[in-house]
Amino acid sequence: MEQNKEMTAEESLSLITETLNSSRKEITRRSGKYYILWGTLLTLFSLIIYLLWKLTDQAAWNNLWFGMPIIGFLLARLMSRKDTEPHVQNDVSRITQGIWSAFGIFACTVAVFTIAYSYVSDGALDLGRTIRVMVSVASLTAEIVLLFGLAESICGVALKNWAMKIAGFVTGIGGLAIYYITGAAEEQLFIFTFAGLVLVATGLVIKYQYK
Amino acid sequence: MLPKLDPLLHSELRLAIMSLLAGVDEADFTYLKEQTGATSGNLSVQIDKLAEAGYITVEKGFKGKMPRTACRITTEGTEAFRAYVKALKKYIAVGK
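A brief structural summary. On a predicted model such as this, the values are computed, not experimentally measured, just so you know.

### A word on the environment of Thr202 of chain A
Residue and element names in this part refer to chain A.
Logical step 1: By the secondary structure assignment, Thr202 is in helix H7 (residues 190–209).
Logical step 2: Judged by its relative accessible area of 5%, Thr202 is buried.
Logical step 3: Through-space distance from the C-alpha of Thr202 to that of Gly168 is 9.1 Å; in sequence the pair is 34 residues apart.
Logical step 4: Setting aside its immediate chain neighbours within four residues, Thr202 contacts Glu152, Ala163, Met164 and Ala167.

What follows is the structure, given as structure tokens:
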């Protein structure tokens, strides 16, 4: 590429378009290796835990799931350090990274929270009950509030707004806490009351931030 | 009357650098070299010119033990780039 080449307006515009497209493709290509890493880990962990559970009839093997984010995070760090490719980051790569981080934080917190709840409510760690509690999360209300919180956190990632990121987390996990406390009774509607209040509070914080 | 094209941006390599930086948060010197196919010396000279004009910032640091030069487009650079693209579109519209 030469710095003194005379270009027409069409050539200049075409150069800009081509450069932007090639850069976007390059950044997308690079994200592939992390999908491979996490996909491999997920496949291996699910199969190993399935086999151990099946062979020993012990649901406690599910605790191995906690090892997956730790191993994945360490491997991702190692891959990033050993990466010989030059560094580049755009909005798309930043948001993608943020979305998966938000998902990871939500998933780990829900698991830890469920085990802690089981321990507190029983006064002892009964893993069989913990698994039952985890299964009971498959309530429509609990699922909706978790997705609601995750969506709000993702919006925070996209807009680079910490208030939204935290509010989403508080809504999702707080909503789940209300669900555990109230169960399937009509009081579970308080989950949405809580989600609505957090949403209003977030709106107020954002309004104040950009006043 | 057609607007004057920014001479700093109306150069193949400098325009490619600005186009690359306009689409990213930041990019390494080596990434710019890889994408533009320019030589290190030539690229370095053009980056300095853009930095002197305040269109980009250049930050030298380390990634692990390896030296790293990170480039970012500035607000002034983004505005100049937008104005340049707007002017180009006018030139093309007149030519049609």
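Having seen the structure, we can now continue with the description.
### Structural notes on the interface of chain B and chain A
Logical step 1: With 31 residues of chain B at the interface, the matching set in chain A holds 28 residues.
Logical step 2: Of the roughly 2,600 Å² buried between chain B and chain A, counting both surfaces, carbon and sulfur atoms make up 59%.
Logical step 3: Considering only the side of chain B, the residues that lose the most area to chain A are Glu12, Asp25 and Tyr31 of chain B, jointly responsible for 25% of the buried surface there.
Logical step 4: Applying the counting criterion to the chain B and chain A interface returns 0 salt bridges.

### A few points about the sheet that holds strand S3 (residues 66–73) of chain B
Logical step 1: Strand order in this open sheet of 4 strands is S1(A)-S1(B)-S3(B)-S2(B), and the pairing throughout is antiparallel. For this open sheet the edge positions go to strand S1 (88–89) of chain A together with strand S2 (56–63) of chain B, each flanked by a neighbour on one side alone.
Logical step 2: Its contacts with the sheet place helix H2 (residues 29–36) of chain B against S1 of chain A together with strand S1 (26–28) and S3 of chain B, and it is angled at close to 80° to S1 of chain B.

### Things to note about the side chain of Asp28 of chain B
Logical step 1: Tracing the sequence through the fold places Asp28 of chain B in strand S1.
Logical step 2: Asp28 of chain B gets classed as buried once you look at its relative accessible area, which sits at 7%.

### What about the pairing of S3 of chain B?
As a general feature of sheets, a regular strand has side chains that alternate between the two faces.
All names here are of chain B.
Logical step 1: Examined bridge by bridge, S1 and S3 share 2 bridges and lie antiparallel to one another. Across the sheet, Asp28 pairs through a bridge with Ala70, a residue of S3.
Logical step 2: Bridging between S2 and S3 involves 8 bridges; their strand directions are antiparallel. Each bridged residue has a counterpart across the sheet, and for Val58 the counterpart in S3 is Cys71.
Logical step 3: Between S2 and S3, which pair antiparallel one after the other, the connecting turn spans 2 residues, and Gly64 there sits at a positive phi close to 70°.

### As for helix H3 (residues 40–52) of chain B
Residue and element names in this part refer to chain B.
Logical step 1: Compared with the 18 Å implied by 1.5 Å per residue over 13 residues, the 18 Å span of H3 between its first and last C-alpha is a close match.
Logical step 2: Listed as buried for H3 are Asn42, Leu43, Gln46, Ile47 and Leu50. Projected down its long axis, H3 shows its buried positions confined to an angular sector of 130°, all on one face.
Logical step 3: For H3, the elements touching its buried residues are helix H1 (12–22), H2, S2 and S3.

What counts, and at which threshold
- Residues numbered from 1 in each chain as written.
- Chains lettered and ligands numbered in written order.
- Predicted model: local features only at pLDDT ≥ 70, side-chain atom pairs only at ≥ 80, totals over all residues.
- Heavy atoms only, no water.
- Helix = DSSP H or I, 4+ residues; strand = E, 2+ residues; numbered from the N terminus.
- Buried < 20%, exposed > 50% of the residue type's maximum accessible area, 1.4 Å probe, protein only.
- Contact = heavy atoms within 4.5 Å.
- Buried area = accessible area lost by both parts, 1.4 Å probe.
- Salt bridge = Lys/Arg side-chain N within 4 Å of Asp/Glu carboxyl O.
- Pairing = 2+ DSSP bridges.
- Axes fitted to C-alpha atoms, helices over the stretch in contact; angles between N-to-C directions.
- Expected span 1.5 Å × (residues − 1).
- Arc of directions from axis to C-beta.

Geometric descriptors of this kind do not, in isolation, establish any biological role.
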